[in-house]
Structure formats: structure tokens, C-alpha cells
Amino acid sequence: MEETAEGGLRIGALVPNSDLAYHPLVAQRYPMLASAILAGASAQLRNMASTGGNLLQRTRCAYFYDTATPCNKRTPGSGCSALTGINRIHAILGTSDACIATHPSDMCVALAALAATVHVTGPKGERHIGLVDFHRLPGNTPERDTNLAADEIITAIELPATGFVKNYTYLKIRDRLSYAFALVSVAAALELEGDTIKEARLALGGVAHKPWRDLGVEALLRGQTAKREAFMHAADALLRDAKGRAHNAFKIDLARRAVVRALTQAARATPQSQSSKKVR
Ligand SMILES: Cc1cc2nc3c(=O)[nH]c(=O)nc-3n(C[C@H](O)[C@H](O)[C@H](O)COP(=O)(O)OP(=O)(O)OC[C@H]3O[C@@H](n4cnc5c(N)ncnc54)[C@H](O)[C@@H]3O)c2cc1C
Ligand code: SF4
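Calculation notes
- Residues numbered from 1 in each chain as written.
- Chains lettered and ligands numbered in written order.
- Predicted model: local features only at pLDDT ≥ 70, side-chain atom pairs only at ≥ 80, totals over all residues.
- Heavy atoms only, no water.
- Near = heavy atom within 4 Å.
- Nonpolar A, V, L, I, M, F, W, Y, C, P; charged D, E, K, R; others polar.
- Helix = DSSP H or I, 4+ residues; strand = E, 2+ residues; numbered from the N terminus.
- Buried < 20%, exposed > 50% of the residue type's maximum accessible area, 1.4 Å probe, protein only.
- Contact = heavy atoms within 4.5 Å.
- Polar contact = N/O pair within 3.5 Å; in protein donor to acceptor, adjacent residues only side chain to side chain.
- Pairing = 2+ DSSP bridges.
- Axes fitted to C-alpha atoms, helices over the stretch in contact; angles between N-to-C directions.
- Phe/Tyr/Trp six-rings, centres within 6.5 Å; stacked < 30°, edge-to-face > 60°.
- Salt bridge = Lys/Arg side-chain N within 4 Å of Asp/Glu carboxyl O.

Enquirer: Help me understand the site of ligand 2 in this model?
Expert: Around ligand 2 there are 14 residues in total, and Cys61, Cys71, Cys80, Cys99 and Ile100 lie nearest to it. Grouping the amino acids of the shell around ligand 2 by side-chain chemistry returns ten nonpolar, three polar and one charged.

Enquirer: How should I be thinking about the environment of alanine 116 in this particular structure?
Expert: Within the fold, alanine 116 resides in the loop between helix H7 (107-113) and strand E3 (117-122). For alanine 116, a relative accessible area of 3% puts it in the buried group. Residues alanine 116 and glutamine 272, spaced 156 residues apart in sequence, show a C-alpha to C-alpha distance of 22 Å. Not counting residues up to four positions away in its chain, the partners in contact with alanine 116 are Leu111, Gly130, Leu131, Ile157, Glu158, Leu159 and Pro160.

Enquirer: Can you walk me through the site of ligand 1 in this structure?
Expert: The environment of ligand 1 is formed by 22 residues, the closest being Ala41, Ser50, Asp106, Ile154 and Lys172. The separation between an oxygen atom of ligand 1 and a polar main-chain atom of alanine 41 is 3.0 Å. In this structure, serine 50 approaches ligand 1 through a main-chain N or O atom, which is 2.7 Å from an oxygen atom. Of all the secondary structure elements, the ones that give two or more residues to the shell around ligand 1 are helix H5 (51-55) and strand E5 (153-159). No other element matches H5, which puts three residues into the shell around ligand 1.

Enquirer: How should I be thinking about the sheet that holds strand E6 (residues 167-173) in this particular structure?
Expert: Pairing is antiparallel in the open sheet, where four strands are placed in the order E6-E7-E8-E9. On the outer flanks of this sheet lie E6 and strand E9 (212-213), each paired with one strand and no other. Bridge analysis of E6 against strand E7 (residues 184-193) gives seven bridges, and the strand direction is antiparallel. The residue of E7 that forms the bridge with asparagine 167 is leucine 190. On top of the sheet, helix H11 (residues 250-267) reaches E6, E7 and strand E8 (196-205); it is set at about 35° to E7, its chief contact.

Enquirer: Hey, could you run me through the side chain of asparagine 72 in this one?
Expert: Along the polypeptide, asparagine 72 turns up in the loop between helix H6 (62-65) and H7. Within the local environment of asparagine 72, its side chain forms a polar contact with the backbone nitrogen of glycine 77, the two atoms lying 3.2 Å apart. A distance of 2.7 Å separates a polar side-chain atom of asparagine 72 from the backbone nitrogen of glycine 79. Setting aside residues up to four positions removed in sequence, asparagine 72 forms contacts with Gly77, Ser78, Gly79, Cys80, Ala98, Pro142 and Glu143.

Enquirer: Please clarify how the packing of aromatic side chains should be interpreted in this entry.
Expert: A full pass over the atoms with the stated rule returns one aromatic pair. Relative to tyrosine 65, the ring of phenylalanine 64 lies with its centre 5.0 Å away and its plane at 80°, an arrangement referred to as edge-to-face. In this structure phenylalanine 64 comes out as buried when scored by relative accessible area, which is 10%. Since its relative accessible area comes to 48%, tyrosine 65 is described here as partly exposed.

Enquirer: Looking at this structure, how should I read the environment of leucine 254?
Expert: Mapping leucine 254 onto the fold places it in helix H11. In this structure leucine 254 comes out as buried when scored by relative accessible area, which is 16%. Along the chain, leucine 254 and proline 70 lie 184 residues apart, while their C-alpha atoms are 29 Å from each other. Excluding its chain neighbours within four sequence positions, the residues that come into contact with leucine 254 are Ile173, Leu183 and Val184.

Enquirer: What should I look at first to understand the pattern of salt bridges in this one?
Expert: Opposite charge on two side chains allows them to pair when their charged atoms are near. As enumerated under the stated definition, the model contains 16 salt bridges in all. One salt bridge in this structure joins arginine 29 and glutamate 3, with 2.8 Å as the shortest N-O distance. One end of the pair, arginine 29, is in helix H2 (residues 24-29); the other, glutamate 3, is in strand E1 (residues 2-3), with 26 residues separating them in the sequence. A salt bridge links glutamate 191 to lysine 198; the shortest N-O distance between them is 3.3 Å. Note on glutamate 191: relative accessible area 32%, which makes it partly exposed. The network of salt bridges with shared partners includes Asp236, Asp253, Arg256 and Arg257.

In C-alpha cells:
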């Protein structure tokens, strides 16, 4: 891990999740990222999981792992069992008729909100991909999770200087308090001038094939008073195209309320407690 000339941070792809979350530079300058990482998996898993590996983890859709069932992501063209099956954990935004899987990472949701960049390298040289452009929507090619080419590897993640150290929250709603993937998660960060929102960041996890960030919604928040009305307006705008299925329609309202709660906590500078931080 090293500081960049621009005041940001470059994190090597092999840095373990625990080392990243507890690193003083991350804990002090990017606490939302530390929070998101510590909300994921278990202490033992975080000790082993790498930065690059977390980005490339695959969906937790049960049909993807059940080789007795059709799955377009596993076997392109075979069909999607989740469309009419048990789809409680599945996506409500950016879905297609080919796949409604979600990306399960917590870390990536915070990285999206922080406008991180993924550094990759391959035979054609190095390139940088914005985190929000790294993962893909399913479209007609759900077998492709990311825009990483088959002959490329991730070498690092770069964070810009702005870390939103004061007004931030990573809120993860899940079936159990620990060791469970997000039904919905929210990375919310604000820069305030008095009560006025100067800058806003908002990304959702557990709701789409990629961390869901909408720059238009963040623009709606800019210049507003940091109050419930503005947060509700932003939540409605963020979820405007959400589509529920037989078992996951509850996620739409859950996400709406989670956004309002996360923005409220961020505005009050009262982020979620990081209880798992003590368990290492
Ligand atoms: C039971 C369980 C619960 C979990 N819960 C959560 C959770 O709640 N939230 C959360 O965010 N995560 C969760 N995780 C994910 C976990 O934190 C790891 O990130 C994930 O399992 C990937 O493991 P890894 O880092 O060892 O990657 P690996 O398994 O080593 O890698 C994953 C894939 O990426 C490839 N790869 C790795 N590094 C690179 C690179 N630099 N360039 C190119 N390709 C690369 C590997 O070849 C492999 O195909 C959970 C995992 C498990 C098993
Ligand atoms: S949602 Fe995606 S991963 Fe799950 S069965 Fe359908 S195609 Fe496969």
C-alpha cells in the first residue's frame, strides 16, 4: 500500500482484506471503506481474502452453483432458473431476462462511492478502469461479470484523495448480523457546509449485478439541505426503475428506507458501529 502523488492511496491487489481495513491510512482517511470491508464475511475469511479476489468474487445465486439447473451465467443459453424460482436475494436494478444475479461484495460498494480506480495489466499493457465501469450489467452476456479481459490481471486499486472522513456510513442489511451477504447495503458519504450538501456519494450493494451508483441522484442532493425530505427524494430517484420479482419485491422498499437511514447517519456523523472490528 502506498500514498500517491495526488494525495490518494494505491492498494496492491494481494493486500488481504483485514490488513486493508485495519491499516491506519485506511482507518483514518477512508473509514467508509474500512466499515464496508469489516461488514463482509467473517474475521477468518477477511484475513485470507485479497483485494483483487474480493472484486472478482462471483454471485451467490444458488442456481449458479447447482449444476442440475439451467443458468445462463454458468452455461450461456441454458436459461435462468431464478426468474421463476427462489429469487429472494436477487437483483431489483439493471436486470435482464437473461440474469437477475447480484454482485455480493461489500468492499466494492464503498469503492464505487469513493470513485476508486482499478489498475489492470495484460499483454497489451496497463490500463485503468473506474470501479463503476469494472463490473458489468448482465444484458445478454451474464457469463461476463467484469470488463477485465481474459488475459489481464488486477494489479492495484487506487483511491482519490477525498475520503469523506466525517460524514459517512456503510449500512448493511442482512438476514444475520454477521457472516451473511447483504440483502441491501448502502455506502453514503456527504461533504457538508453547515447544513448544506456540497458533495454527495451514494452506492447500493445487494441490488444489482454491480455496485449501483447514479451520478444524477448525487447531483440532486448537491445544494440541498441535509434533511429527510432531500434524502427521501434521492432514495425515490435511485430506486425509480427498480423491478421486483415473486420473492424479492420487498427489497425495493428496504433499499429506499436504507438509503434514507444511511444518509441521515452520514449527515449526523454517526456511522454504523464497527462491532466486528474488535474480533480479529
Ligand atoms: C462464506 C463466505 C462468506 C462471504 N461473505 C462476504 C460478504 O459478506 N461480503 C463480501 O464482500 N465478501 C464476502 N465473501 C467473499 C470473501 O471476502 C472473498 O473476497 C472472496 O471469497 C474471494 O476470495 P479471495 O479473495 O481469496 O479470492 P480468490 O478466490 O483467490 O479469487 C477469486 C477469483 O479472482 C481471481 N483473482 C484473484 N486475484 C486476482 C487478480 N489480482 N487479478 C486477476 N484475477 C484475480 C482468482 O483467480 C479467482 O478466480 C465471503 C466469502 C465466503 C466464502
Ligand atoms: S440469476 Fe444469473 S446466476 Fe442466477 S440462475 Fe439466473 S442466470 Fe444463473
